[in-house]
Amino acid sequence: MSNEKSDTTLQFNLLDNGVDFILKGIDELFDEAHVLREYSSATHITISSYKYGVLHLFSGFLLLLKERLSRHLPELIFKGRVNEVKQKISSGKTPNTIDLDEALERLEIGPKVIFSNDELEVIRTVQDIRNQFEHYKVSTNKYRLWTNISKFLELIDKFLVNELQINIEASSESLELQKKIHTIDSIWKRIEQQKKQKWNQDIQLKLRKFKRNHSRILQEIEQEYRVNKGAYFPFTICPDCYQQTLITLGEFEGICSNSKCNSINPLTECGRCGEVMTGFSWSFGFCESCSEWMDEQ
């Protein structure tokens, strides 16, 4: 019986509900053409996409504010005094939840979450356009609207990370939606910074290991080169010491084997010829030769 009840009961907690609204808003605002272009223009977005994007983003944001309040004190998300709320809940009643103004005020008093004046201006602007969409008619400049939506998305991402410890890109099970999220400038900057920090942490550990076992590791690289009969050359030019000592394969890829240098560089492949070059793997680019060739065409 309990299993039957769980199968037929719809349950959505505060956090998941809020994140789902945010993801739906992003999905509405960024179409497949946007993913291919890798950028958005205010005029590329349809009125319908603006409408449902704004409605979903604002609803999700308000739920996220309530989630943060709930973590501080669950009764804070309801209207009224805490003792009155507790009495209603204990008697089986569900009190009305607070609106945006009350949420912002209680966040400042309780968990000390304070938005800057610039952030509050963005929130109010999006709230105003949301109210127009839902209750009246809409007349606004698309470029101004898109600027504020972009700022609102950055604000939401910052709030998720700092206050709720959530990375929005990890919340979507849809690969297509993840691609859309990665094309949002403010979110991608944060993701890329995290990727670079992770790479740097990993390479620093490998560099320490390399320095401790310098001679043995170089011998192993040389042996591997011979076993493969020169199928690949394990070094490229180091951009710091200009010697052909930057390891290109294996565990110590990206470390300069020159003991007087030992610089570290991320490595990737040229998008045209496949030559190994410096750069992060997630960044598309061309080697110097290919760049010069394309400039001459």
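Up top is the structure.
Computed from a prediction, not measured in an experiment: that's the story for all the values here. (Residues numbered from 1 in each chain as written. Predicted model: local features only at pLDDT ≥ 70, side-chain atom pairs only at ≥ 80, totals over all residues. Heavy atoms only, no water.)

Caption draft 1: Molecular detail of the pattern of salt bridges. Evaluation of the coordinates by the stated rule reveals 14 salt bridges. One salt bridge in this structure joins Asp-101 and Arg-124, with 2.6 Å as the shortest N-O distance. Placement of the pair is Asp-101 in helix H6 (residues 100–109) and Arg-124 in helix H7 (residues 117–135), with a sequence separation of 23 residues. Asp-101 gets classed as partly exposed once you look at its relative accessible area, which sits at 42%. Note that Glu-119 and Lys-158 form a salt bridge whose closest N and O atoms lie 3.2 Å from each other. One end of the pair, Glu-119, is in helix H7; the other, Lys-158, is in helix H8 (residues 142–164), and 39 residues separate them in sequence. (Salt bridge = Lys/Arg side-chain N within 4 Å of Asp/Glu carboxyl O. Helix = DSSP H or I, 4+ residues; strand = E, 2+ residues; numbered from the N terminus. Buried < 20%, exposed > 50% of the residue type's maximum accessible area, 1.4 Å probe, protein only.)

Caption draft 2: A look at H6. Turning to H6, its buried residues are Leu-100, Ala-103, Leu-104, Arg-106 and Leu-107. For H6, the capping residue at the N-terminal end is Asp-99, with a side-chain oxygen 3.3 Å from the backbone nitrogen of Asp-101. (Polar contact = N/O pair within 3.5 Å; in protein donor to acceptor, adjacent residues only side chain to side chain.)

Caption draft 3: Main features of empty space enclosed by the protein. Using the criterion set out here, one finds one cavity of 30 Å³ or more in the structure. The calculated volume of the largest cavity comes to roughly 30 Å³. Residue lining of the largest cavity: Ile-22, Ile-26, Leu-153, Ile-156, Asp-157, Leu-160, Ile-168 and Ile-187, and that is the complete set. Secondary-structure elements contributing two or more residues to the lining of the largest cavity are helix H2 (14–29) and H8. (1 Å grid on protein atoms, 1.4 Å probe; cavity = no way out; pocket = protein on both sides within 12 Å on 5 of 7 lines; lining within 4 Å. Points joined across faces, edges and corners; volume = space filled by probe spheres on them.)

Caption draft 4: A nonpolar patch on the surface, seen in detail. Taken together, the side chains of Phe-284, Phe-286, Trp-293 and Met-294 define a hydrophobic patch exposed on the protein surface, amounting to about 420 Å² of accessible area. In this structure, Phe-284 sits in the loop between strand S4 (276–278) and helix H12 (288–296). Classification of Phe-284 as exposed rests on a relative accessible area of 66%. (Patch = residues over 30% accessible without salt bridge, like charges linked within 9 Å, V, L, I, M, F, W, Y side chains within 5 Å. Areas by Shrake-Rupley, 256 points an atom, 1.4 Å probe, with all protein chains shown as cover.)

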